[in-house]
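# Remarks on the overall topology
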Amino acid sequence: MRPVAYFYRSIAVGPILCVMLACSPKAATPPVSGSSQLPRDMSTYANIDIFITKHLVLDLTADFDSRTLHGTAELRLERRDPSATEVVLDSRDLDVRKIEASSDGAAWADATYRFDPATPAFGSALRVTVPPDADRVRITYATPPSAKGLQWLTPAQTSGKKQPFLFSQAQAIQARSFIPIQDTPAVRMTYDATIRVPKELVAVMAAEMTPGEKGSGVFHFHMPQPIPSYLIAIAIGDLAFQPMSERTGVWAEPAAIAAAAKEFEDTEQMIKTTEALYGPYRWGRYDLLVLPPSFPFGGMENPRVTFATPTVIVGDKSLVALVAHELAHSWSGNLVTNATWADFWLNEGFTTYLERRIVEAVYGKKLSDMERIIGLRDLGQARADLTVAGDRTLQPTLADRDPDDAYSVVPYELGALFLSFLEERFGRDTFDRFLRRWFDEHAFQSVTTAQFLEFLSKHLLSTKPGAVTDQEIQEWLHTESIPSFAVMPKSDALEKVERARDAWLRGESVEELVKTSSAWSTQEWVHFIDALPRKLDGDRLSTLDRRLKLTDSPNAEIAHVWFRLAIANRYTAAFPAMERYMIRIGRRKLIVPLYRDLATTTEGKALATRIYGKAREGYHPVAQSTVDGLLK
Ligand code: BES
Ligand code: ZN
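Nothing here was measured: the structure is a model prediction, and the numbers come from that model.

What counts and how
- Residues numbered from 1 in each chain as written.
- Chains lettered and ligands numbered in written order.
- Predicted model: local features only at pLDDT ≥ 70, side-chain atom pairs only at ≥ 80, totals over all residues.
- Heavy atoms only, no water.
- Helix = DSSP H or I, 4+ residues; strand = E, 2+ residues; numbered from the N terminus.
- Rg over C-alpha atoms; globule rule 2.2 N^0.38 Å.
- Buried < 20%, exposed > 50% of the residue type's maximum accessible area, 1.4 Å probe, protein only.
- Contact = heavy atoms within 4.5 Å.
- Areas by Shrake-Rupley, 256 points an atom, 1.4 Å probe, with all protein chains shown as cover.
- Lys, Arg positive; Asp, Glu negative; His and termini not counted.
- Charge placed at Lys NZ, Arg CZ, Asp CG, Glu CD.
- Expected span 1.5 Å × (residues − 1).
- Polar contact = N/O pair within 3.5 Å; in protein donor to acceptor, adjacent residues only side chain to side chain.
- Axes fitted to C-alpha atoms, helices over the stretch in contact; angles between N-to-C directions.
- Parallel < 35°, antiparallel > 145°, perpendicular 65-115°, else oblique.
- Nonpolar A, V, L, I, M, F, W, Y, C, P; charged D, E, K, R; others polar.
- Donors = N, O, S within 2.8 Å, 3.2 Å for Na, K, Ca; no water.
- Tetrahedral: all angles 85-135°; square planar, octahedral: opposite > 155°, others 65-115°.
- Near = heavy atom within 4 Å.
- Phe/Tyr/Trp six-rings, centres within 6.5 Å; stacked < 30°, edge-to-face > 60°.
- Core = buried A, V, L, I, M, F, W, Y, C linked by side-chain atoms within 4.5 Å.

## Regarding the overall build of the protein chain
- Along the protein chain, the regular secondary structure elements total 19 helices and 24 strands.
- Over its C-alpha trace the protein chain gives a radius of gyration of 25 Å, about what one expects of a compact globule, namely 26 Å for 632 residues.
- Expressed as a percentage of the 632 residues in the protein chain, the buried residues total 62%.
- In the protein chain, 72% of the contacts between residues at least 6 apart in sequence involve partners at least 24 apart.
- As displayed, the protein chain offers around 23,600 Å² of accessible surface, 54% of which is attributable to carbon and sulfur atoms.
- Charged side chains of the protein chain number 72 positive and 79 negative; the gap between the two group centres comes to 2 Å.

Given below as C-alpha cells:
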C-alpha cells in the first residue's frame, strides 16, 4: 500500500496558512503559495493534514546487552480537525507496549492502537485512536536489535576496543525505526530528550546538551529550532570532546580526537565564509562527531553536530570538502528543507553548489575546480549505473520505493550544475543575493521544487528577461543527461595529471611519475588512477604499485580507485588488502562500487560473496540492505 499524506486538504487553505505561518520561524509546514498541484510526501503514512507534531519528548534507555533503545516518545500535536479521532504515525519493526493520550499533559488515558501490515519500503502505519480533544500521545516502546536506523557496535569495532558504541542514521526514512513519529521532512518539530546510558559512556545528540553530565549515565538534550524527523540523531560511546573555536569542536573516541581536531581546524573559517555569503549561522554550535569506520556515509548534517566518517582524516585536509558540504546543509537542508524526498535535489544540489563555493573561498579555486571535475565524473558513472531512468533526472519517482533505493549523486551533481548555470547567466553577485534571499524567506520551512521555481521566476528570471528561457529550465528539470548549455568545469591541475598519465602510458618510467606527482593531493591521485585504462600491462601495474604503495595506501579514497583498477585488471596482489578494507570500512560510497565491480564476473562474484560473508555483520543496516540487493 502506498502512503499518501497531503499537506493540505485543499489548495484553498494553502495561501491562508501561508499568511499565518510564512513569517514565523516556527512555521511547521510550507506555504504552497498558489501552486496548482498538491505536493505530497509519498514516503509517510502519517496523516499530517490533520495532526502536525510540534514538539517531541523522548525518554530513552540504551541497553547494550539486548541492543535496544526503550522508553517513551511523547508527541505534542497541533490539530487541524477538531473532531478527528485517529493519529497515524510511521513505524518500522517497533515493539509498542502501551500508548496513552492526553489533552493537557497531566491526565493520561490508555489509547487503543493497531498496526497496518508492514510494507518493505515504508514499514507500518501505527493507528492510534484518540478522544476528539486529545492533542498528545505518549508511546512506550522498544527497538529491535535490527532497527534499520541504528548501528550497535561491539568494542572490537571501535578504536578504543573497550566500550561498545551506538549511532543512529535517520535520513531518509529511518527515524521511524527508532521513534514512532511523523517521519516526513514536511513536518518540523522541536524536542527534548533524556537519554540513559551505562555510566562509562557519553551520549551526544544533535541538539543542545546540558554540560557536565559525563559519568552520570543520564544526559539531557534540547532542540530549540524546529527540525524534520530525519535530523534527529544520537551517538553513544566512549566519546571525548576537543574545542576548536568558541563555537566549534570535535567529538571522537579519545584515540582519534587529536588528528580530527587538526584536520578540521578550519571549520570556524568555513562558517564565517558561509555566513558572509548566505546569512547568519542559526544553530548555535557547530561540532563534528567522528564515528567508527562502519558509518555508512561520508557525513550527515545532523544539526549542531555533523556526523562524519573517519576516512576523511588523511592528515593534509584534502578531504575537508566534506565539512564544507555538511556545514552548507545548515542553510540548504536544515534551514530550508525538501518537503518530500522527490525534492531531494533542493537539499543536495544546493548543498553541493554551496560546498564548492566554500571550498573555493577557503582553499582556492584549484581545489574547488578539481572537486567539480571529480563530481562530473561521478555523475557520469552514476548515470551509467542507474537502472531506473527517472533516477537520472533531478526528481526521481518515489511511489512505492524507499527513497534510499533511488539514492545517487545525480541530484547532487546535476542540481549543482543547474545552480552554476544560473550563476553564470545572472552573475555571481546577483545569484548570491538571490540564494541568500531564498534561505532567509524560507527559513525553518520545508519546500518543494514548484515553490523554488516560482521563487526563481519572480526574484531572478524576471530581473533579466531573456537571460534564461523557459525551455532551458524545463530541460534542467527533466533531462537525463547534461544540457548542452551547462557550464562545464575545467581544472588545469587535473589536466596536468592527465598529461602525466599519458606520458606514463607512453612508456615513461615510474621514477619520472614519482617526480611529477611529488606534490599531488588526494584529488590528483584519485584522478590519475581513475583516468587509467581499465586494461593495463600486469608488470607495469605491479611496478606502479610497488613504487607508489597504492595497495597499502592509508588514504581510503585513493585505495578505493586503486582497488577498482585492480579488479578490472584482475591484479590479485591487491585483493587481500582490498578484503581487509571492505571488512573495516562500511562507508557505502567506498565499498558498494567494489562489490558491484566484482559481481560482473563469476569468480569476482564468488570473491565478493565470500568477503561479504565476513564483512556483513560489521556494516550498518542501510549498507547491508544495499549490498544484499547487489549480491542477491
Ligand atoms: N545528507 C547526506 C547523506 C545522506 C543522504 C544520508 C541521503 C542518507 C540519505 C550528506 O549530506 C551527504 O551528502 N554526504 C555525502 C558526502 C558529501 C561530501 C557529498 C556522503 O555521505 O557521501
Ligand atoms: Zn548532503
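Now that the structure has been shown, the text picks up again.
## Some remarks on helix 15 (residues 556-569)
- Its 14 residues place the ends of helix 15 20 Å apart at the C-alpha level, agreeing with the 20 Å of an ideal helix rising 1.5 Å per residue.
- Sitting at the head of helix 15, Asn 555 places a side-chain oxygen 3.0 Å from the backbone nitrogen of Glu 557.
- A positive phi of about 50° marks Arg 570, the residue just after helix 15.

## Description of the side chain of His 442
- For His 442, the position within the fold is in the loop between helix 8 (428-441) and strand 24 (445-447).
- By relative accessible area, His 442 is classed as buried at 9%.
- Not counting the four nearest positions on each side in its chain, His 442 is found in contact with Leu 335, Val 336, Val 447, Gln 451 and Phe 455.

## A closer look at the packing of helix 7 (residues 410-426) against helix 8
- Where helix 7 meets helix 8, the axes come as close as 6 Å, and the angle between the chain directions of the two elements is 125°. Our classification of the angle between helix 7 and helix 8 gives oblique. In this structure, helix 7 contributes Leu 419, Leu 422, Glu 423 and Phe 426 to the contact, and helix 8 contributes Arg 428, Thr 430 and Phe 431.
- Here the contact of helix 7 with helix 8 is built from residues that sort into four nonpolar, one polar and two charged.

## Details of the coordination of the zinc ion (ligand 2)
- Coordination of the zinc ion (ligand 2) by the protein is provided by His 325 (NE2), His 329 (NE2), Glu 348 (OE) and Glu 348 (OE), with metal-donor distances spanning 1.9 to 2.7 Å.
- Here the zinc ion (ligand 2) binds six donor atoms, and the angle range of 54 to 160° at the metal identifies the geometry as irregular.
- Every donor residue of the zinc ion (ligand 2) comes from the same chain, spaced as H-x3-H-x18-E. This pair shows no difference in class: His 325 is buried, exactly as His 329 is.

## Some remarks on the site of ligand 1
- Within the structure, ligand 1 sits among 17 residues, and Gln 171, Gly 298, Glu 301, Glu 326 and Tyr 412 are positioned closest to it.
- One of the backbone N or O atoms of Gly 299 is found 3.2 Å from a nitrogen atom in ligand 1.
- Between ligand 1 and the protein, one listed contact pairs an oxygen atom with a side-chain N or O atom of His 329 at 2.9 Å.
- Protein chains bury 89% of the 520 Å² of accessible surface belonging to ligand 1 in isolation.
- Elements that contribute at least two residues to the shell around ligand 1 include exactly strand 21 (299-300), helix 4 (321-328) and helix 5 (344-363).
- Of all the elements, helix 4 adds the most residues to the shell around ligand 1, at three residues.
- Here the residues of the shell around ligand 1 are counted per class, giving seven nonpolar, six polar and four charged.

## A few points about the packing of aromatic side chains
- Across all of its chains, the model carries 40 aromatic pairs by this definition.
- Summarising the aromatic geometry, the rings of Tyr 230 and Trp 341 are spaced 4.9 Å apart at their centres and angled 75° between planes, so their arrangement reads as edge-to-face. Taken together, the positions of Tyr 230 in the loop between strand 16 (218-227) and strand 17 (234-237) and Trp 341 in the loop between strand 23 (336-338) and helix 5 put the pair 111 residues apart, joining distant regions of the chain. One exposure class covers both Tyr 230 and Trp 341, and it is buried.
- Each ring, one from Trp 341 and one from Phe 344, has its centre 6.1 Å from the other, and the planes form 65°; the classification is edge-to-face.
- Of the residues examined, Trp 341 reaches a relative accessible area of 4% and is grouped as buried.

## Focus on the nonpolar core
- Residues Leu 422 and Tyr 595 are the most contacted members of the largest nonpolar core, which totals 213 residues.
- With ten residues, the top contributor of residues to this core is helix 7.
- Here Leu 422 is in contact with Phe 431, Leu 456, Leu 460, Leu 461, Val 468 and Ile 473, once residues within four sequence places are set aside.

## What about the environment of Ser 330?
- Within the secondary structure, Ser 330 sits in the loop between helix 4 and strand 23.
- Note on Ser 330: relative accessible area 5%, which makes it buried.
- With 252 residues separating them along the chain, Ser 330 and Met 582 place their C-alpha atoms 32 Å apart.
- What Ser 330 contacts, discounting residues up to four positions off in sequence, is Tyr 281, Trp 283, Tyr 286 and Leu 335.

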